[in-house]
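Remarks on the overall topology
Here is how the chains run, residue by residue.
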Amino acid sequence: MQLEALGREARAVVKGNRIAVVTDETVEKLYLNRCMQSLKCAGFDVYSFVVPPGEEAKSGMQYLNLLNALAEIPLTRTDALVALGGGVVGDLAGFAAATYLRGISVIQVPTTLLAAVDSSIGGKTAINLPAGKNLAGAFHRPALILRDASLLESLPQTIYQDGMAEVIKYGVLADADLFELLADKAQAHRRMEEIIERCAEIKMRFVEEDVFDTGVRQLLNFGHTIGHAIEHATNFSVSHGKAVAKGMAMMAEISMKQGWCSEETTRRIKDILHVYGFDLTIVQQKDVLYDIMKTDKKRKGGMIDLVVPEKIGRCRLVRVTIEELGEML
Ligand SMILES: NC(=O)c1ccc[n+]([C@@H]2O[C@H](COP(=O)([O-])OP(=O)(O)OC[C@H]3O[C@@H](n4cnc5c(N)ncnc54)[C@H](O)[C@@H]3O)[C@@H](O)[C@H]2O)c1
């Protein structure tokens, strides 16, 4: 759906008359005018709140500044926020919407590939604390998600590639046909709009089954346990998508060695990651990664659930002890 349809679509889900659009400085220059124009044409009073680009916008200070700005307008319970941007803006605006006046509606308009296929869906919202990423958050599902694939055309290649790691993850996890389609890069490029919709449907399906992330939704973490450890070990100089790609490759290797999947499955996972230009080498010492994984917030006592590929299109959870994980690494 095109960004120009936002005002009309918002009318169907927002009862009030005021909308505040949250975006970052990069996206502001590209799409804020079009976004606000569409909302104004539908009769809304429209306000904007712009944050600097990048992870630092998910800070407590930006969050409080945003709440104060909403209170000054003032937005009421029936009004809404629009998150126009990537996962950072989506998480910040989503958390503000979850908590302002004990919860107002949020509309997600993702502008990165990662946001379109992942972070805008499912209602996880968060900001970072000095002690770590995403430590304060809430489940608050969007009233509407407007995906306009043409907004992704302005993405720098490296940020687009980060999103591709998640796209490939969906193929391995739940859709062997999607995996096949991705293997032909030129065809995949032509059919990107359809691919994004397919990934979004897969995520929606997992979320509907497990809204609060205590069961099947954990399968969406394929590649993420090791990926998070790599992000931490490098002080986030390796981006999320690139770390997840390394994590998926390493999990595929481990699964093959444990007899959970065939050599062929592991080869295909690594091949497709190479097709999309991912560097799969891991330079960190395994002890460093292991120490970080021991503190993974998804750990359950002395156990951790690994997402392992069984074959292309199907993964499952395997519960192992922390010590077993150390041995596998
Ligand atoms: N809530 C969830 O379920 C969930 C899931 C995964 C990740 N996340 C969060 O998402 C965040 C990462 O999101 P991201 O990768 O989208 O990063 P991001 O939001 O920081 O965007 C990356 C960069 O791209 C720029 N940008 C955005 N859209 C653009 C466009 N169309 N054209 C040109 N530039 C554009 C941004 O200004 C930014 O500099 C992390 O904070 C992560 O914790 C949340």
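Residues numbered from 1 in each chain as written. Predicted model: local features only at pLDDT ≥ 70, side-chain atom pairs only at ≥ 80, totals over all residues. Heavy atoms only, no water.

Concerning the site of the ligand
The cut-off we apply is this: Here, proximity means that at least one heavy atom of the residue falls within 4 Å of the molecule or strand. Polar contact is defined as a pair of N or O atoms within 3.5 Å, subject to the rule that within protein one atom must be able to donate a hydrogen and the other to accept it, and that residues adjacent in sequence are counted only when both atoms are side-chain atoms. The Shrake-Rupley method, run with a 1.4 Å probe, gives the accessible areas here. Residue values count only the displayed protein chains as cover. Secondary structure follows DSSP: runs of H or I at least 4 residues long count as helices, runs of E at least 2 residues long count as strands, and numbering of each begins at the N terminus. Residue polarity is assigned by list, with Asp, Glu, Lys and Arg as charged and Ala, Val, Leu, Ile, Met, Phe, Trp, Tyr, Cys and Pro as nonpolar; anything else, Gly included, falls into the polar class. The domain limits used here are those given by an automatic or database domain assignment.
Asp 24, Gly 87, Thr 111, Thr 112 and Ser 154 are the nearest of the 26 residues found near the ligand. With respect to the ligand, the side chain of Asn 134 contributes an N or O atom lying 3.4 Å from an oxygen atom. Considering the ligand on its own, with 870 Å² of exposed area, one finds that the protein chains cover 85% of that surface. Breaking the shell around the ligand down by element, the ones donating at least two residues are helix H2 (25-41), helix H4 (87-99), helix H5 (113-119) and strand E6 (132-139). With four residues, H2 is the single largest residue contributor to the shell around the ligand. Per-class residue counts for the shell around the ligand are 10 nonpolar, eight polar and eight charged. Two domains share the shell around the ligand, each providing at least three of its residues, namely domain 1 (3-152) and domain 2 (156-328).

Focus: the nonpolar core
Selection rule: Nonpolar core, defined: a set of buried Ala, Val, Leu, Ile, Met, Phe, Trp, Tyr and Cys residues in which side-chain atoms within 4.5 Å join the residues together. When a residue's accessible area, from a 1.4 Å probe over protein chains only, is under 20% of the maximum for its type it is buried; when over 50% it is exposed; and in between it is partly exposed. Should any heavy atoms of two residues lie within 4.5 Å, those residues are considered in contact.
Residues Val 167, Ile 168, Leu 182, Ile 195, Leu 273 and Phe 278 are the most contacted members of the largest nonpolar core, which totals 61 residues. Element by element, the count of residues in this core is highest for helix H11 (residues 240-258), at nine residues. Here this core spans two domains, since at least three of its residues come from each of domain 1 (3-152) and domain 2 (156-328). Look past the residues within four positions of Leu 273 in its chain and what remains in contact with it is Ile 168, Ala 245, Met 248, Ala 249, Phe 278 and Leu 280.

A short note on the sheet that holds strand E2 (residues 45-51)
Rule in force here: One bridge is not enough; two strands pair if DSSP finds at least two bridges between them. Simply put, an axis is a line fit to the C-alpha atoms, just over the touching stretch for a helix, and the angle between two N-to-C directions goes from 0 to 180 degrees.
On the basis of which strands lie adjacent, the open sheet formed by five strands has the order E2-E1-E3-E4-E7 and parallel pairing. Of all strands in the sheet, those with a lone pairing partner are E2 and strand E7 (144-145), marking the two edges. Across the sheet, helix H1 (residues 6-13) lies against strand E1 (18-24), strand E3 (80-85), strand E4 (105-110) and E7, angled at about 155° from E4, the strand it touches most. Along the sheet face, helix H3 (residues 60-72) touches E1, E2 and E3 and points at about 165° away from the line of E2.

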